[in-house]
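Chain by chain, the residues run as shown.
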Amino acid sequence: MAAFINTDDCPEYYFEERCFIRELLNSEETPGLSIAQARVLPGVTTVLHALKGTEVYYILSGEGVAEVGEERNPVAAGMLVHIPPGKPQRIHNSGKEDLVFLAICSPRFLPEDYQSLGA
């Protein structure tokens, strides 16, 4: 069955990872995929963490530096970051505006699949 979701109805909340999250799609009806919009304030670096599944960041606006394992690369609007399962990851907003991106997880994000790795 098709679903039509007005993402304006998806509230934003602060997540312990040091960013703001809007869950756009994350339900039992779509176990293979979830999509969230993340927003990182200027100068902030998210907490180093890993997920059990694959994650892809699609940068919507702003600029920053993504760290995946030992790799660090600048990112900006229009770029994708592919994060394999279990890889340590974090992102730093190096710009003067909010860094906004989609976090697409496969399978869908579940809190028990999130592992904080500290700083």
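In this text, all values refer to a predicted model and were calculated from it rather than measured experimentally.

Engineer: Give a description of unusual backbone geometry that names residues and reports values.
Structural biologist: Residue Pro107 is bonded to the preceding Ser106 through a cis peptide linkage, with omega at -5°. Assignment of secondary structure puts Pro107 in the loop between β10 (99-106) and β11 (114-116). Here Arg18, not a glycine, exhibits a phi torsion of approximately 80°, which is positive. Structurally, Arg18 is set in the loop between β1 (12-15) and β2 (19-25).

Engineer: Outline the packing of aromatic side chains, supporting the account with residue identities and numerical values.
Structural biologist: Under the counting rule described, the total for this entry stands at 4 aromatic pairs. Summarising the aromatic geometry, the rings of Tyr57 and Phe101 are spaced 4.5 Å apart at their centres and angled 45° between planes, so their arrangement reads as tilted. Taken together, the residues span a long stretch of sequence, with Tyr57 in strand β5 (residues 54-61) and Phe101 in strand β10 at a distance of 44 residues. Using a relative accessible area of 4% as the deciding quantity, one classes Phe101 as buried. Taking 6.5 Å as the distance between ring centres and 70° as the angle between the ring planes, the aromatic pair formed by Phe109 and Tyr114 counts as edge-to-face. An identical accessibility class is assigned to Phe109 and Tyr114; each is buried. Grouped by ring-pair contacts, the aromatic residues Phe15, Phe109 and Tyr114 constitute a single cluster. The ring of Phe20 carries Arg39 above its face, with NZ or CZ at 4.4 Å from the centroid.

So, how was this worked out
- Residues numbered from 1 in each chain as written.
- Predicted model: local features only at pLDDT ≥ 70, side-chain atom pairs only at ≥ 80, totals over all residues.
- Heavy atoms only, no water.
- Helix = DSSP H or I, 4+ residues; strand = E, 2+ residues; numbered from the N terminus.
- Phe/Tyr/Trp six-rings, centres within 6.5 Å; stacked < 30°, edge-to-face > 60°.
- Buried < 20%, exposed > 50% of the residue type's maximum accessible area, 1.4 Å probe, protein only.
- Lys NZ or Arg CZ within 6 Å of the ring centre and 35° of its normal.

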